[in-house]
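In case you want the letters, here they are:
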Amino acid sequence: EEYWSIEAKMTAPSSKKQFDAVFTGIDGNKTELHSKEETDKVLEKINGAEFKVTGVKKSVRRKSPAAPFTTSTMQQEASKKLGFQTSKTMRAAQQLYEGVEIEGMGAVGLITYMRTDSLRISDEARAAAYKYIEGAYGKNYLPASPKIYKSKAGAQDAHEAIRPSMPDMTPERVKSSLTADQYKLYRLIWERFIASQMADALLDTVSVDIEADNCMFKATGSTVKFDGFTVLYDDAKGDKSENKNLPELENGMEIKVKSLEGNQHFTQAPPRYTEATLIKIGRAHV
């Protein structure tokens with residue numbers, strides 16, 4: 001189905017740096033644009049109009065790390081980030097679990113059992129992770145209270161979540177002893193586990209309403225206040241419409257418009273299944 005958006009490039013009086021804003025509605029109501037004709041009417045209405053800031057909302061957003069891996073989430077993430085098929089993931093995980101010859105150490109099992117749907121981790125593993133985090137990043141990166149992740153109802157709890165058997169055994173320390181596939185998967189498991197025990201990230205966010213002849217635009221932005229776990233591992237997708245380092249904007253401030261553009265879009269059919277999304281759907285129905 002066809003739909004349209006209006007996107008603006010703007011500058012504040014205090015800055016030459018452009019920021020993005022998108023049309024949201026008219027006369028206080030959210031307005032959807034379905035054709036070029038509707039879009040052109042809005043563009044004609046605001047042509048030459050004065051753009052002013054009518055609202056500024058600031059807040060702090062907290063981002064929490066993802067839980068350590070279960071079998072299915074490991075398979076999904078390895079598919080998404082490494083391009084591994086399930087069979088390749090499980091083969092490498094089996095090798096890491098059963099033991100790899102590490103120079104100067106002999107055969108070492110680098111991860112816990114790789115077939116589990118539990119998110120539980122042992123107190124010893126948590127303490128080892130904390131010791132590593134404090135040494136590598138400092139006390140600020142330790143959470144105020146332990147991160148406890150709840151397993152799904154009916155999950156088998158005989159084994160812990162998938163984690164490095166020795167959290168202080170960094171991927172770089174063992175890289176020379178591993179195959180390329182083993183190293184990639186071990187690094188993914190290690191980073192996910194260590195990050196799961198780290199402090200939340202904090203973002204300073206701002207949402208700005210801008211009006212021109214009763215037509216409303218919105219600009220959003222965020223800056224990192226504290227990177228927390230994202231210093232090591234972040235699986236989130238950023239919002240492409242969000243500005244980084246939005247200039248300081250205040251109520252009543254007049255905004256200069258550098259460009260206004262109507263863009264045509266079409267809704268898309270659901271994407272084809274990938275191995276990762278099939279695994280996710282299969283787990284949801286177990």
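Small disclaimer: the values here were computed from a predicted structure and weren't measured. (Residues numbered from 1 in each chain as written. Predicted model: local features only at pLDDT ≥ 70, side-chain atom pairs only at ≥ 80, totals over all residues. Heavy atoms only, no water.)

Counting its secondary structure elements, the chain contains seven helices and ten strands. In terms of C-alpha radius of gyration, the chain reaches 25 Å, well past the compact-globule figure of 19 Å for 286 residues. Each principal axis of the C-alpha atoms in the chain carries an extent, and together these give about 75 × 45 × 35 Å. Put simply, the chain has 286 residues, and 41% of those count as buried. Summing over all exposed atoms, the chain offers an accessible surface of approximately 16,400 Å²; the carbon and sulfur share of this is 48%. For the chain, the separation between the mean place of its 41 positive charges and that of its 40 negative charges on side chains is 4 Å. (Helix = DSSP H or I, 4+ residues; strand = E, 2+ residues; numbered from the N terminus. Rg over C-alpha atoms; globule rule 2.2 N^0.38 Å. Buried < 20%, exposed > 50% of the residue type's maximum accessible area, 1.4 Å probe, protein only. Areas by Shrake-Rupley, 256 points an atom, 1.4 Å probe, with all protein chains shown as cover. Lys, Arg positive; Asp, Glu negative; His and termini not counted. Charge placed at Lys NZ, Arg CZ, Asp CG, Glu CD.)

The next subject is the pairing of strand 7 (residues 201-212). Two elements, strand 4 (residues 51-63) and strand 7, share eleven bridges in a ladder whose sense is antiparallel. Looking at strand 7, one finds that Lys52 is bridged to Glu211. Where strand 7 lies against strand 8 (residues 215-226), eleven bridges are found, and the strand directions are antiparallel. Paired with Val208 across the strands is Ala219, a residue of strand 8. Taken together, strand 7 and the strand that follows it, strand 8, pair antiparallel across an intervening segment of two residues, in which Asp213 is found at a positive phi of about 50°. (Pairing = 2+ DSSP bridges.)

What follows is about the side chain of Ser177. Inspection of the secondary structure puts Ser177 in the loop between helix 5 (171-174) and helix 6 (180-196). For Ser177, the side chain forms a polar contact with the main-chain nitrogen of Glu103, separated by 3.3 Å. Beyond its immediate chain neighbours, meaning those up to four positions away, Ser177 contacts Val100, Glu101, Ile102 and Glu103. (Polar contact = N/O pair within 3.5 Å; in protein donor to acceptor, adjacent residues only side chain to side chain. Contact = heavy atoms within 4.5 Å.)

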